[in-house]
Amino acid sequence: MDARFANLFMKKTLTVLSLAALAASVASAAEISGKVTLAGTPLPEKAITLDASCGKLQAKPITTRHYVVGADKGLADVFVYVKAGAKPAPAPATKGPLLDQVGCEYTPYVIGVQAGQKFDVQNSDALMHNVHSLPKNPPNKERNVAQPVKGMKTEFWFDKQEVFVQFKCDVHPWMFAYVGVVDHPHFAITDKDGNFKISGLPAGEYTIEAMHRKAGAATEKVTVGADDKKTASFTLKVPTP
Amino acid sequence: MTRSTHNVWLHRFVCLLAVTTLALVALGGVVTTKGVGMAVPDWPTTYGENMFLFPPSKWIGGVFYEHTHRLLASWVGLLTIVLTIWLWVKESRRWLRWLGVIALVGVVLQGVLGGMRVVFDSHGLGTEFGIFHAALAQLYFLLICSIAFFTSRWWVRQLVVGQAPSPVSSPASAPACRTAGEGACETLTGEGASPTWVSGEARELTSANALSVRRWFVVTSLLILVQLIFGATMRHQHAGLAVPDFPLAYGKVWPATDAASVQFYNAHRMEAAGEQPITAPHIVVHMLHRFTGVVLLFAIIGCAVVAWKRTTAGSLLRKTAGLWVAMALVQVTLGILSILFQRKVDVTTAHVALGALTFATGWMLVLIASRFVAQTAPVTARDEALSPTSEFKPA
């Protein structure tokens, strides 16, 4: 066997082994799903007074979105992520979820991205917004970008884990959004009924945290094997004195 | 070049500048209350355009307030340039000419600070520059009010020049005195002589009394400055509602500031704008602002009592001190209402503007009292005290 053939053989073998490992990892991807509920009754949300130009874009009055509670006390906009046990992963080439500005509101209110992952912030209104990110964890950088034209998109990313990075619009000071940034892909945002699903987890033991901007955080340890589908439920409380 | 101490139109111009500056302070208050300081993210340009050519069609939302604030600031800057030149050309008192130069330096510095508040916001220094900008605004307003006062007829008429009489404690020491307006008395010492104008009020004040009254005013005015800095710090940190209830604070005289309590407070905050979690230092600054407000109210009442006891009925000091008490009462009420109405913009702006006026009134009282100190001081001390006015020339 000459050296050239040996080299080719090694490469082929490595490729096959890598593919096998990848297939095994995909095949063994575990899933943790569950629900986050809110205990206690928060204060009522506040009505937002829109200015004239934004008022035309909203058919009905809007309110703050501090606690969005759905069916069976399910709490929306909770960032659920693996706090411990997950290995940092390089940022994916695909973009994160779109953070849109529609009717002078950020939509969605909370999104999650991976550290280094790029995502767009868009202006879907026919008026000017500015996108002002306010990270607190260096080297994540504060940026303030004007979007005077409808359809404009600006690319954002954060290099370091930070839960949450606040986004605001200074032109319309009631507009806020929050971005959870972690250094791996294992996170989810609860839907309107408080449900979440984190998938693609390798077998292992994890600490899962459910973090809400107002109601605080709760953690739970979950051990998953290959292909496991585990559930984890969290109850966040409206703090009491 | 003809120079004089009193120029009616110059005085009116400075008064206009003072009113415009107060409007600028109030508009700055609106910008901070609404949390739109960064609605225009660049400086000195506005969204990359010359700020004076920025089209009104783009003055929407927070841009309107921030951009109008910048334009009004430019107008104040222009008026200050005119004032400085006017003073330099027409004013005979050298020290007052230099005050005009200081005002010009101040307004330039203030403009640059406002710009730095924007430019350095992305470096995490926006709040610090904002606090400095707000505090300097108060001092600049004070300086313009002082210049307005120094160019007023009242101030000029209080000049005592020429012979150095014995302490003017009784009308007998001013034999040719004729009353010239309420609270003032002019004594002309003969044809062609320098006028010796002695305030009727000063005649009633002993040197010790005038000094005592002034000391009260100085200390209280300095305390107002401290209070304004607390207020600026609180507002620029968006901690105006760090404690949302009144008269108690989270149900206590002094609220708990441990981590669990702060988390509890944040969980129950439902602010629609400027939403950032509050911290223990925010609460402390807020409470200091409240307590200093109460202390100030009593201090101002104390000043008025002292002024009442040590001046004659109808005197300028007494009347102004009474006005000061009224302002302090309204100011405390506005402060309470700004909490109860959850930082409603008009109430909060009125609170900011009246704060500046209260500070300026305190300083005017210091100046009035200083005038009387000069008039009632023993000869040697008095000559020293009057040195700035030695350039007196009748208009």
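Please read all numbers here as calculations on a predicted model, not as lab measurements.

A. Inspection of the overall build of chain B at higher detail. The number of helices and strands found in chain B is 12 helices and 3 strands. Put simply, chain B has 395 residues, and 54% of those count as buried. Here chain B displays about 16,900 Å² of accessible surface, and carbon together with sulfur accounts for 70% of that area.

B. Inspection of the pairing of strand β4 (residues 79-84) of chain A at higher detail. All names here are of chain A. As paired elements, β4 and strand β14 (residues 187-189) share 3 bridges and run antiparallel to each other. Bridging from a neighbouring strand, tyrosine 81 pairs with phenylalanine 187 of β14. Bridging between β4 and strand β16 (residues 204-212) involves 5 bridges; their strand directions are antiparallel. Following the sheet pairing, tyrosine 81 is matched in β16 by glutamate 209.

C. Structural view of the layout of surface pockets. Of the pockets and cavities examined, the second largest pocket occupies roughly 680 Å³. Around the second largest pocket, the lining comprises 27 residues; the ones closest to its centre are Thr49 of chain A together with Lys34, Ala272, Ala273 and Val345 of chain B. Listing elements by their share of the lining of the second largest pocket, those giving two or more residues are β2 (47-48) of chain A together with α1 (8-34) and α2 (61-90) of chain B. When residues of the lining of the second largest pocket are assigned to their parent elements, the largest contribution, 4 residues, is made by α2 of chain B. Within the lining of the second largest pocket, the residues separate by chemical class into 15 nonpolar, 6 polar and 6 charged.

D. Region of the structure containing the pattern of salt bridges. All names here are of chain A. Per the stated rule, a full pass over the model turns up 12 salt bridges over all chains. Salt-bridge contacts for lysine 83 lead to glutamate 209; the nearest nitrogen and oxygen are separated by 3.1 Å. On the criterion of sequence distance, the pair formed by lysine 83 in strand β4 and glutamate 209 in strand β16 is long-range, its members being 126 residues apart. For lysine 83, a relative accessible area of 47% translates into the label partly exposed. Residues participating in the shared-partner salt-bridge network are Lys95, Asp120 and Glu155.

E. Highlighting the confidence of the model for chain B. Residues and elements named next belong to chain B. Averaged over all residues, the pLDDT of chain B is 84; the fraction at 70 or higher stands at 82%. Low pLDDT (under 50) marks residues 160-197, which in the prediction has 74 contacts with non-local residues, meaning those over four places away or in another chain. Low pLDDT, under 50, characterises residues 379-395; the stretch is placed with 33 contacts to residues that sit more than four places away or in other chains. Across the predicted assembly, pTM comes out at 0.80 and ipTM at 0.74.

F. Highlighting the environment of isoleucine 198 of chain A. Residues and elements named next belong to chain A. With respect to the helices and strands, the residue isoleucine 198 is situated in strand β15 (residues 195-201). What makes isoleucine 198 buried here is its relative accessible area of 1%. Linking isoleucine 198 and valine 110, residues 88 residues apart in sequence, is a C-alpha distance of 16 Å. Each residue touching isoleucine 198, except ones within four places of it in the same chain, is listed here: Ala30, Glu31, Ile32, Val80, Tyr81, His186, Phe187, Ala188 and Ile208.

G. Structural view of the nonpolar core. Judged by nonpolar contacts, the single largest core of 60 residues is most densely connected at Leu83, Ile144, Ile147, Phe217 and Leu317 of chain B. Listing elements by their share of this core, those giving two or more residues are α1, α2, α3 (94-119), α4 (126-150), α7 (207-236), α9 (280-310), α10 (316-340) and α11 (345-376) of chain B. Broken down by element, this core gets its largest block of residues, 13 residues, from α11 of chain B. Beyond its immediate sequence surroundings of up to four residues, isoleucine 147 of chain B is in contact with Val14, Leu83, Leu87, Leu96, Leu99, Gly100 and Ala103 of chain B. Judged by nonpolar contacts, the second largest core, of 34 residues, contains Val121 of chain A together with Val31, Val36 and Phe54 of chain B.

H. A look at the interface of chain A and chain B. Between chain A and chain B, the residue contacts involve 35 residues of the former and 29 residues of the latter. Both sides of the chain A and chain B interface together cover about 2,500 Å² of buried area, and 58% of this is carbon and sulfur. Taken together, chain A and chain B are joined by 0 salt bridges. Here chain A and chain B share 9 residue pairs in polar contact (both at pLDDT 80 or more) between them. Contributing elements (two or more residues each) for the side of chain A that touches chain B: β9 (129-134), β10 (143-147), β12 (162-168) and β13 (176-182) of chain A.

I. Structural detail: empty space enclosed by the protein. Residues and elements named next belong to chain A. Summed over the entire model, instances satisfying the criterion amount to 2 cavities of 30 Å³ or more. Considered as a void within the structure, the largest cavity measures approximately 120 Å³ in volume. Looking at the lining of the largest cavity, the elements that each hand over two or more residues are β6 (105-107) and β13. Residue composition of the lining of the largest cavity, grouped by class: 9 nonpolar, 3 polar and 5 charged. Of the pockets and cavities examined, the second largest cavity occupies roughly 50 Å³. Lining the second largest cavity, in full, are Arg65, His66, Asp77, Tyr109, Val110, Phe164, His212 and Arg213. Grouping the amino acids of the lining of the second largest cavity by side-chain chemistry returns 3 nonpolar, 2 polar and 3 charged.

Parameters and conventions
- Residues numbered from 1 in each chain as written.
- Chains lettered and ligands numbered in written order.
- Predicted model: local features only at pLDDT ≥ 70, side-chain atom pairs only at ≥ 80, totals over all residues.
- Heavy atoms only, no water.
- Helix = DSSP H or I, 4+ residues; strand = E, 2+ residues; numbered from the N terminus.
- Buried < 20%, exposed > 50% of the residue type's maximum accessible area, 1.4 Å probe, protein only.
- Areas by Shrake-Rupley, 256 points an atom, 1.4 Å probe, with all protein chains shown as cover.
- Pairing = 2+ DSSP bridges.
- 1 Å grid on protein atoms, 1.4 Å probe; cavity = no way out; pocket = protein on both sides within 12 Å on 5 of 7 lines; lining within 4 Å.
- Points joined across faces, edges and corners; volume = space filled by probe spheres on them.
- Nonpolar A, V, L, I, M, F, W, Y, C, P; charged D, E, K, R; others polar.
- Salt bridge = Lys/Arg side-chain N within 4 Å of Asp/Glu carboxyl O.
- pLDDT = per-residue confidence, 0-100.
- Contact = heavy atoms within 4.5 Å.
- Core = buried A, V, L, I, M, F, W, Y, C linked by side-chain atoms within 4.5 Å.
- Buried area = accessible area lost by both parts, 1.4 Å probe.
- Polar contact = N/O pair within 3.5 Å; in protein donor to acceptor, adjacent residues only side chain to side chain.

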